[in-house]
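Residues per chain are reported as follows:
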Amino acid sequence: MEVPLYQGFVLAVTIVREAVDEFRRFQRDKEVNSQLYSKLTVRGKVQVKSSDIQVGDLIIVEKNQRIPSDMVFLRTSEKAGSCFIRTDQLDGETDWKLKVAVSCTQRLPALGDLFSINAYVYAQKPQLDIHSFEGTFTREDSDPPVHESLSIENTLWASTIVASGTVIGVVIYTGKETRSVMNTSNPKNKVGLLDLELNQLTKALFLALVALSLVMVTLQGFVGPWYRNLFRFLLLFSYIIPISLRVNLDMGKAAYGWMIMRDENIPGTVVRTSTIPEELGRLVYLLTDKTGTLTQNEMIFKRLHLGTVSYGTDTMDEIQSHVMNSYSQMYSQASGNNASSTPPRKAQSSAPKVRKSVSSRVHEAVKAIALCHNVTPVYEARAGVTGETEYAEVDQDFSDENRTYQASSPDEVALVQWTESVGLTLVNRDLTSMQLRTPGGQILTYCVLQMFPFTSESKRMGVIVRDESTAEITFYMKGADVAMSTIVQYNDWLEEECGNMAREGLRTLVVAKRALTEEQYQDFESRYSQAKLSVHDRTLKVAAVVESLEREMELLCLTGVEDQLQADVRPTLEMLRNAGIKIWMLTGDKLETATCIAKSSHLVSRTQDIHTFRPVTSRGEAHLELNAFRRKHDCALVISGDSLEVCLRYYEHELAELACQCPAVVCCRCSPTQKARIVKLLQQRTGKRTCAIGDGGNDVSMIQAADCGIGIEGKEGKQASLAADFSITQFKHIGRLLMVHGRSSYKRSAALGQFVMHRGLIISTMQAVFSSVFYFASVPLYQGFLMVGYATIYTMFPVFSLVLDQDVKPEMAMLYPELYKDLTKGRSLSFKTFLVWVLISIYQGGILMYGALLLFESEFVHVVAISFTALILTELLMVALTVRTWHWLMVVAEFLSLGCYIASLAFLNEYFGIGRVSFGAFLDVAFITTVTFLWKVSAITVVSCLPLYVLKYLKRKLSPPSYSKLTS
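Note that the structure is a prediction, hence the values are computed from the model and not measured.

Each value, and the rule that gives it
Residues numbered from 1 in each chain as written. Predicted model: local features only at pLDDT ≥ 70, side-chain atom pairs only at ≥ 80, totals over all residues. Heavy atoms only, no water. Helix = DSSP H or I, 4+ residues; strand = E, 2+ residues; numbered from the N terminus. Rg over C-alpha atoms; globule rule 2.2 N^0.38 Å. Buried < 20%, exposed > 50% of the residue type's maximum accessible area, 1.4 Å probe, protein only. Contact = heavy atoms within 4.5 Å. Areas by Shrake-Rupley, 256 points an atom, 1.4 Å probe, with all protein chains shown as cover. 1 Å grid on protein atoms, 1.4 Å probe; cavity = no way out; pocket = protein on both sides within 12 Å on 5 of 7 lines; lining within 4 Å. Points joined across faces, edges and corners; volume = space filled by probe spheres on them. Nonpolar A, V, L, I, M, F, W, Y, C, P; charged D, E, K, R; others polar. Core = buried A, V, L, I, M, F, W, Y, C linked by side-chain atoms within 4.5 Å. Axes fitted to C-alpha atoms, helices over the stretch in contact; angles between N-to-C directions. Parallel < 35°, antiparallel > 145°, perpendicular 65-115°, else oblique. Left-handed = near helix turned anticlockwise from the far one by under 90°. Pairing = 2+ DSSP bridges. Patch = residues over 30% accessible without salt bridge, like charges linked within 9 Å, V, L, I, M, F, W, Y side chains within 5 Å. Salt bridge = Lys/Arg side-chain N within 4 Å of Asp/Glu carboxyl O. Lys, Arg positive; Asp, Glu negative; His and termini not counted. Charge placed at Lys NZ, Arg CZ, Asp CG, Glu CD. Phe/Tyr/Trp six-rings, centres within 6.5 Å; stacked < 30°, edge-to-face > 60°. pLDDT = per-residue confidence, 0-100. Disulfide = S-S within 2.5 Å.

## Section: the overall build of the protein
1) Next: Regarding its fold elements, the protein presents 35 helices and 32 strands.
2) Next: In summary, the protein has a C-alpha radius of gyration of 38 Å against a globular reference of 30 Å for 968 residues, an excess of more than 25%.
3) Next: Dimensions along the principal axes, computed over C-alpha positions, put the protein at roughly 130 × 70 × 60 Å.
4) Next: Burial analysis of the protein (968 residues in total) assigns 51% to the buried set.
5) Next: Relative to all contacts within the protein whose residues are 6 or more apart in sequence, the contacts with residues 24 or more apart total 73%.
6) Next: Surface summary for the protein: the accessible area is close to 45,300 Å², and the carbon and sulfur share equals 58%.

Structure below.
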C-alpha cells in the first residue's frame, strides 16, 4: 500500500512545480497580448487588443510603442516621410534603422483620405529572412494606376519599436507568420544530463530486481504456482527501485535555485527553469553573443592620428585650441577682405603641395569627420512647448541641452559627439544640407550634393558637399582601412597605425578627401544619373562611376573608437578558459569589429594566430579553405555566417571536427536561426553540454536550443532573460554561477542520488538474506509502517541535508577554476561509482542481517528489533561518512532523525501494541531497554560502518581528490 501513496506524493510535487512555471509564462504572454493599439476605421479611431489585430487593419503606433505585427509603412507624422525604428529585439543591433513611408499614401493631405482611395498591397509569402521583402503597392483609382515597389525599407516588422514620430501601417503578417516569430525556434523541454544518467542507473536497478526475483524463484525450485511467488518477490524487493529519488532531487533542485537567488555576490539572478541547475556544472562549450553581452555597445572616441602626430584622450584640448585658432583666423581674413571678393581657392590644387601646418591639418580632419557621416541631430521639444512643434523648431536656436544624435551606427554618433566636444557642432541636417556651428558661434552651411551610403561590400561611405560661403566642392570619404588603403595617396604609416589601434581593441576608420572643380563634378553627375537609370547591372555601373572619383584621395586622418567591454569581461573569460570551457562568440556584427572585440576581450590570447575564413560560396571554395585551415595549429577561427552555411551544407563533419579543436571560434554576421544551428551542431557532433548566453531577442533561439540558456537583462530589453533558464544582470556573474553553484549543484546531486539508491539497496539486501535463510519464503521482513517510516521520517532529513554539502569554499572554487575541469568528465556519478555504492549496500545489508541472526535471542521477533535499529544507525552514520564539510543544519538533521526513531520506539508500543501481534512483539519494551539489546545493536553497526571509515581514510591519504590538495 505504501508504494502508491508515495508515488502519488512524488508526482504531486513534480506537477505542482511545473504548473507554477507554466502559470508564470501564461501571465507574461497575456500581458503582451492585451496591449492596446489604435486601429483606424471609417468611423475614426478604435482601441483594439494586440491579439485581435488582423491582416488588412490600419494600425496607428505611437513613439516608443512596440509594433504589434508586420506592417507596410503607409504614413508618418514626420515631415520627411520617414521614421527611425529600434530593431534590437529582432537582430540584436542597437542602432536605429531608417524606414520610408509609401510615397503615394504619405502625400495624401489628411489621415481620413486613406479610406477615400482605392488601393491594394501585394506581399510575398511569409519568409525567414528579416533583411528582405518584396511587394507592390497599387492605387487603382488614379488616372494611370500608380504602382510602387515595396522593399525592406517600407516595412515595419513586429517586435521593433518606433523611435521617432507616429506611424500608420497596414498589417500584412500576424501571429506565427511574423518575421520575429518565424525566427524563434520552439523551446524544447530541457532535461539535465544528471537526470539522464540517473535514469540509466534506475533501469539497471530494475533489471537487477527482476534478476534477483528470478534467482529466488529458481532456488525455490519452481514449486507450485511459481509465477505468483515471482510477483511476490518483485513486490518484496521493489525497494531496490529508488522511487523517492525524484522527490529528493526535485527538492534538491529547488534548494539550489533558492541558494543561487540568495547569493549576494550575484544579485538579481533569477532561476527560471528549476530542473537543470546541475547542468551548470558540466559545461564544455559556452556560446556568447557580442553586442551587449561582452560589450556595453557604448562607443567612445579615443584616438586621432594624423601621420606625424597622434592625439589621445589626454590631448584632446590641443585639438580644441587648433580648431579655435583656424576658425578665428579664417573669420578675420574673411572680414578683412570682404567675403564676396575672396576668389574660391582653386589655385591651390594645381600648385605644388606645400607642407601644411599641423593646425590646418587638424582643422581639415575635424571638419571632414563632422561632415562625412549619416547622422541626424534631433531636438526634443522642451517641456514648456506643447503642440506648437512648428514654432518650437524656430525658437530652439539649436540649444545644446535637448540635442540627441540619431544614426544607424553607434560609431558615427561617437565621431559626431567628439567633433562637438572639440568645438565643431552638427546642428542641423536634412536630405540636402548640413549646418555646422563653429567655436565662435558662426553657422556654416554645406549643401549635400551626393550621398554614397555604407555597404558591407564596399566597406566605405562618401559624401560630396558644397560649402555655401566659398562654393568649394569637396568629396569626403571614410571607411575601413582594407578598403581605403588602395584609394588614398601613397603613404608609409597607415597600415602600421591601423594594426596598432586594432591591437588596442579600437575600431578604426580612415578619413580622406578630394577637392573637385565645378566641371569635374558636373561631368560626374551626368554619368552618375545615367548609370542610375540603366536597367541591366545597375549596381555595377553605379559602382564603376563612383570609383572614377575614388582616386588619389588626400589622406586626412585615422580615427580610433572604442566599444567598451562590460565590467570584468577579461578576467571572467580567462577564468572560463582555465576551467576548460571552450568559448565561441556568435554575433550579427561585422567581421572586423568581431575580430577586434575578440582580441580586446582576450577571447583570443595575444600570442594566438587568427585564421580568417575567406568568404566561400561553392563546394570547391569551401574545400580549399578548409584544407588551408587544417594546416594551421592552435589558432582561433573567424568565419562569417554565409561561409558557415556553405561549409555546413557540404562538409559538416570536417568543419565541426576542425572547429571543435580551436581554442576560440568567432562567427560573425550570424542570423538568429544560424546561431541555433551552431548550438545544435555542437550538441550532435560532440555530445558535450553547451551553454548559450545572450541579451537580445536575436539570441532567443540560441538560448532555447542550448542545454543551458543564460539571459542577461540588458539594454536590448528583457526578451532573452525571459526565455532563458537562468537570468543574470551582468556577464561577470557567469563565473560564479558556473564555478561555485554549477559545480556544487552537480556534486551534491550526484551524492544525493547515489545515497538514495544505497538506501533502497541495503534494505533489499537484508530482505534477500532473510528470505534465503528461511527457505526462500516470500515473507516480508518489516511491516509496512516501518518501511514507510524508514524511507521518510527516520532517514529523510539527514540524506536530504547532503544538499548543503560543499567540498571547497566558494572563494577557492573561484580561485582555482581548474577544479571545474574534473567535473566535465562526469566522474562524480558513473557506473563505476554506482557499483562501489552497490557493493557497499550489499556488504552492509549482509552484515546487518547476518549479525542480527547470529546474535538473536529466543524470540525471532528480536531479529527485527535489532536489525532495524542497527539499520537506522548505519544510515545516519553513512550520511556522516559522505559529508565533506559539516553544516549546522546537518547535525540538527542527524539528531532529529535519531530522536524521532527513539520516540517512536516508545510511542508506537502504546498505540500499536494491543491486538497487533507484529508491532506489539516487535516493540517489546522490556527487551529494548536491556543492555544486551544495546551492545548487540552497537556491535552490528560498528562492523557494518567501521571498515568503510577506514577505507575512506586510506583513500584520502593515498589518492587525495584535487580539491583536498587546496584545502590542506
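So, next bit.
## A closer look at empty space enclosed by the protein
1) Next: The final tally for this structure, using the stated rule, is four cavities of 30 Å³ or more.
2) Next: In this structure, the second largest cavity encloses a volume near 70 Å³.
3) Next: For the second largest cavity, the full set of lining residues is Gln-89, Leu-90, Ser-180, Asn-183, Thr-184, Pro-672, Gly-697, Asn-698, Ser-701 and Gln-719.
4) Next: The residue makeup of the lining of the second largest cavity, split by class, is two nonpolar, eight polar and no charged.

## A look at the environment of Gly-560
1) Next: Along the polypeptide, Gly-560 turns up in strand E25 (residues 554-565).
2) Next: On a C-alpha basis, the gap between Gly-560 and Val-799 in space is 60 Å, while along the polypeptide they are 239 residues apart.
3) Next: Here Gly-560 is in contact with Ile-300, Phe-301, Lys-302, Arg-303, Met-501, Leu-506 and Arg-507, once residues within four sequence places are set aside.

## Quick word on the nonpolar core
1) Next: One finds Ile-710, Phe-726, Ile-734 and Leu-738 to be the most contacted residues of the largest nonpolar core, which totals 80 residues.
2) Next: When sequence neighbours within four positions are dropped, the list of residues in contact with Ile-710 reads Leu-280, Cys-691, Ala-692, Ile-693, Gly-694, Ile-703, Ala-724, Phe-726, Ile-728, Ile-734 and Leu-737.
3) Next: Ranked by size, the runner-up nonpolar core spans 41 residues in total, among them Val-323, Leu-426, Val-465 and Val-511.

## A few points about the side chain of Ser-745
1) Next: In this structure, Ser-745 sits in helix H24 (residues 733-773).
2) Next: Leaving out residues up to four positions away in the same chain, Ser-745 has contacts with Tyr-256, Pro-277 and Glu-278.

## As for unusual backbone geometry
1) Next: Phi at Glu-552 takes a positive value of approximately 50°, unusual for a residue other than glycine.
2) Next: Position of Glu-552 relative to the elements: it lies in the loop between helix H16 (538-549) and E25.
3) Next: Using a relative accessible area of 56% as the deciding quantity, one classes Glu-552 as exposed.
4) Next: Non-glycine residue His-602 carries a positive phi angle of around 60°.
5) Next: Take His-602: it is sitting in the loop between helix H18 (591-600) and strand E27 (609-612).
6) Next: For His-602, a relative accessible area of 23% corresponds to the partly exposed category.

## Side note on the packing of helix H10 (residues 358-371) against helix H12 (residues 410-421)
1) Next: Contact geometry for H10 and H12: axes closest at 9 Å, N-to-C directions at 135°. As summarised for this structure, H10 and H12 are arranged oblique, according to the angle between their axes. H12 is crossed by H10, and the crossing has left-handed handedness. Across the interface between the two elements, Val-366, Ile-369 and Ala-370 of H10 pack against Leu-415, Trp-418 and Thr-419 of H12.
2) Next: Tallied by class, the residues present in the contact of H10 with H12 amount to five nonpolar, one polar and no charged.

## Quick notes on the sheet that holds strand E7 (residues 119-123)
1) Next: With antiparallel pairing, three strands are arranged side by side in an open sheet as E7-E8-E9. Both outer strands of the open sheet, E7 and strand E9 (146-150), are each paired with one neighbouring strand and no more. Within the sheet, the average angular offset between the axes of one strand and its neighbour, ignoring direction, is 15°.
2) Next: Summarising the sheet, strand E8 (residues 135-139) and E9 pair through five bridges and their orientation is antiparallel. Paired with Phe-137 across the strands is Glu-148, a residue of E9.

## With respect to the pairing of strand E21 (residues 443-452)
1) Next: Within E21, seven of the 10 residues are buried, which leaves the element mostly enclosed by the surrounding structure.
2) Next: Inspection of the sheet shows strand E20 (residues 433-437) paired to E21 by five bridges, in the antiparallel sense. Pairing of Leu-436 across the sheet is with Leu-444, part of E21.
3) Next: Between E20 and E21, which pair antiparallel in sequence order, lie five residues; one of them, Gly-441, sits at a positive phi of approximately 95°.
4) Next: One ladder, built from six bridges, connects E21 with strand E22 (residues 460-467); its direction is antiparallel. Residue pairing for E22: Gln-450 is matched across the bridge by Ile-464.

## Section: a positive patch on the surface
1) Next: A surface patch of positive charge is lined by Lys-821, Lys-825, Arg-827, Lys-832 and Lys-955.
2) Next: Within the element layout of this structure, Lys-821 appears in helix H28 (residues 818-824).

## Digging into the packing of aromatic side chains
1) Next: On inspection of all chains with the given rule, the structure shows 17 aromatic pairs.
2) Next: On the numbers, 6.2 Å between centres and 90° between planes, the contact of Tyr-285 with Trp-584 is edge-to-face. Placement of Tyr-285 in strand E14 (residues 283-288) and of Trp-584 in strand E26 (residues 582-586) is noted, with a sequence separation of 299 residues between them. The burial state of Tyr-285 is the same as that of Trp-584; both residues are buried.
3) Next: Cluster of aromatic residues (ring-pair linked, three or more members): Phe-452, Phe-475, Tyr-521, Phe-524 and Tyr-528.

## A few points about the sheet that holds strand E23 (residues 473-479)
1) Next: Judged by pairing direction, the sheet is antiparallel, and its nine strands sit side by side in the order E16-E15-E25-E24-E23-E22-E21-E20-E19 without closing on themselves. Whereas interior strands pair on both sides, the edge strands pair on one side only; in this sheet they are strand E16 (310-311) and strand E19 (425-429).
2) Next: Direction of pairing for E19 relative to E20: antiparallel, over a ladder of four bridges. Paired with Thr-425 across the two strands is Arg-437, which belongs to E20.
3) Next: Its contacts with the sheet put H12 on strand E15 (295-305), E19, E22, E23, strand E24 (506-516) and E25, and the angle it makes with E15 is roughly 50°.
4) Next: Seen against the sheet, helix H14 (residues 494-503) touches E15, E24 and E25 and runs at an angle of roughly 10° to E25.

## Describing a nonpolar patch on the surface
1) Next: On the surface, a cluster of nonpolar side chains totalling about 780 Å² of accessible area is made up of Leu-877, Val-942, Leu-946, Tyr-949, Val-950, Tyr-953, Leu-954 and Leu-958.
2) Next: Here Val-950 lies in helix H34 (residues 931-958).

## Let's talk about the pattern of salt bridges
1) Next: Taken as a whole and judged by the stated rule, the model has 30 salt bridges.
2) Next: For Asp-411, the salt bridge identified is with Arg-507, shortest N-O distance 3.2 Å. Placement of Asp-411 in helix H12 and of Arg-507 in strand E24 is noted, with a sequence separation of 96 residues between them. Accessibility classification places Asp-411 together with Arg-507 in one group, the buried group.
3) Next: The structure contains a network of salt bridges with shared partners spanning Asp-195, Arg-246, Asp-250, Lys-253 and Glu-278.

## Quick look at the confidence of the model for the protein
1) Next: Looking at the protein, the pLDDT average stands at 84 and 91% of residues meet or exceed 70.
2) Next: Every residue in residues 338-354 scores below 50 in pLDDT, and together they form eight contacts with partners more than four places removed in sequence or on other chains.
3) Next: Within the model, pLDDT remains below 50 along residues 910-922, and this stretch shows 16 contacts once partners closer than five positions in the same chain are excluded.

## Some remarks on the state of the cysteines
1) Next: Applying the stated rule across the entire model yields zero disulfides.
2) Next: Free cysteine: Cys-660, not disulfide-bonded; nearest cysteine sulfur from Cys-662 at 8.6 Å.
3) Next: Its relative accessible area of 11% is what places Cys-660 among the buried residues.
4) Next: Left unpaired, Cys-691 is separated from the closest cysteine sulfur, that of Cys-708, by 4.3 Å.
5) Next: Take Cys-691: its relative accessible area is 0%, and that puts it in the buried class.

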